[in-house]
Amino acid sequence: TFGAKVHRSPSDATEAGRTLRKDPKNHSGSLGIAISEAVEAAVHDETTAYALGSVLNHVLLHQTVIGEEALRQLAKVEETPDLIVGCVGGGSNFAGLAFPFLREKLQ
């Protein structure tokens, strides 16, 4: 829709990616590598903008929709979880799920 190009990370599109791809046994790929490549691309191309994400306030606020929805669905069946499991990369996905439950515990 927006004409974007999607690259695997590490990629051949950045110096950081090309360096890491020389020895694939030295890394497994990560969010950190992808962020490094995105920042490098933005620094070297004046038509590119980079928006920060992960655990910054605006992203966490948006991601809490996940936890709020989970709370409401569980309330409909009168259940309360003993534990919450979620993926953790940059942290926003898990925080968005867990923070509404944390609020309930702190009240």
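How each quantity is defined
- Within every chain, residues take consecutive numbers counted from 1 along the sequence as written.
- Since the coordinates come from a predicted model, pLDDT governs what is reported: local features require at least 70, and pairs of side-chain atoms require 80 or more to be given and counted, while whole-chain, interface and lining totals use all residues.
- Heavy atoms from the whole structure form the basis of all side-chain values; hydrogens and water molecules are not counted.
- Note on conventions: DSSP H or I runs of at least 4 residues are helices, E runs of at least 2 residues are strands, and numbering of each starts at the N terminus.
- Throughout, a residue-residue contact means that at least one pair of heavy atoms, one from each residue, lies within 4.5 Å.
- A 1.4 Å probe and the Shrake-Rupley method give the accessible areas. Residues count as covered only by the protein chains that appear here.
- Identification of polar contacts relies on pairs of N or O atoms within 3.5 Å, with a donor-acceptor requirement for protein atoms, meaning one able to donate a hydrogen and the other able to accept it, and with residues adjacent in sequence counted only if both atoms are side-chain atoms.
- Exposure above 30% relative accessible area and the lack of any salt bridge qualify a residue for a patch; like charges then connect within 9 Å, and the nonpolar side chains Val, Leu, Ile, Met, Phe, Trp and Tyr within 5 Å.
- Here, a salt bridge means any side-chain nitrogen of Lys or Arg that lies within 4 Å of a carboxyl oxygen of Asp or Glu.
- Throughout this description, buried means an accessible area under 20% of the type-specific maximum (1.4 Å probe, protein chains only), exposed means over 50%, and partly exposed covers the range between.
- All axes are obtained by fitting lines to C-alpha atoms, using only the stretch in contact for helices, and the reported angles, taken between N-to-C directions, cover 0 to 180 degrees.
- The cut-offs work like this: below 35 degrees is roughly parallel, past 145 is roughly antiparallel, 65 to 115 is roughly perpendicular, and the gaps in between are oblique.
- Crossings are sorted by hand: turned counterclockwise from the far helix by less than a right angle, the near helix makes the crossing left-handed, and turned clockwise it makes it right-handed.
- By this rule, a helix spans an expected 1.5 Å times one less than how many residues it contains.
- The bend reported for a residue corresponds to the angle between axes fitted to the seven residues ending at that residue and the seven starting there.

**Student:** I'm lost on the overall build of the protein chain in this one. Help?
**Tutor:** The number of helices and strands found in the protein chain is 4 helices and 0 strands. Overall, the protein chain shows an N-to-C arrangement of helices and strands of α-α-α-α. Within the protein chain, contacts between residues separated by at least 24 positions form 51% of all contacts whose residues are at least 6 apart in sequence. Surface accessibility of the protein chain: about 8,400 Å² in total, with carbon and sulfur atoms responsible for 57%.

**Student:** What is the right way to read the side chain of E37 from this model?
**Tutor:** Residue placement: E37 occurs in helix α2 (residues 31-44). Reaching out from E37, the side chain makes a polar contact with the side chain of S9 at a distance of 2.7 Å. If we ignore the near neighbours within four places in the chain, the residues touching E37 are R8, S9, P10, S11, T14 and G17.

**Student:** I'm lost on a nonpolar patch on the surface in this one. Help?
**Tutor:** Together, L31, I35, V39, V43, Y50, L52 and L56 give the surface a local cluster of nonpolar side chains, amounting to about 580 Å² of exposed area. With respect to the element layout, V43 can be found in helix α2. Overall, the relative accessible area of 62% leaves V43 in the exposed class.

**Student:** Looking at this structure, how should I read the packing of helix α3 (residues 57-76) against helix α4 (residues 92-106)?
**Tutor:** Geometrically, a packed helix pair is captured by the angle between its two axes and the distance between the axes. The contact between α3 and α4 brings their axes to 7 Å, and the two run at 55°. Judged by the inter-axis angle, α3 sits oblique to α4. The crossing of α3 and α4 is right-handed. Seen from α3, the contacting residues are V59, L60, Q63, T64, I66, G67, E68, A70, L71 and L74; seen from α4, they are S92, N93, A95, G96, L97, F99, P100, F101, R103 and E104.

**Student:** When you look at α4 in this model, what are you seeing that I'm missing?
**Tutor:** An α-helix turns once every 3.6 residues. As a result, residues three or four positions apart point the same way. Taking 1.5 Å per residue, 15 residues should reach 21 Å; α4 reaches 20 Å between its end C-alpha atoms and fits that length. Maximal helix bending in α4 amounts to about 35°, located at A98; proline P100 follows within four positions. Taken residue by residue, α4 has S92, A95, G96, L97, A98, P100 and F101 as its buried positions. Contact partners of the buried residues in α4: α3.

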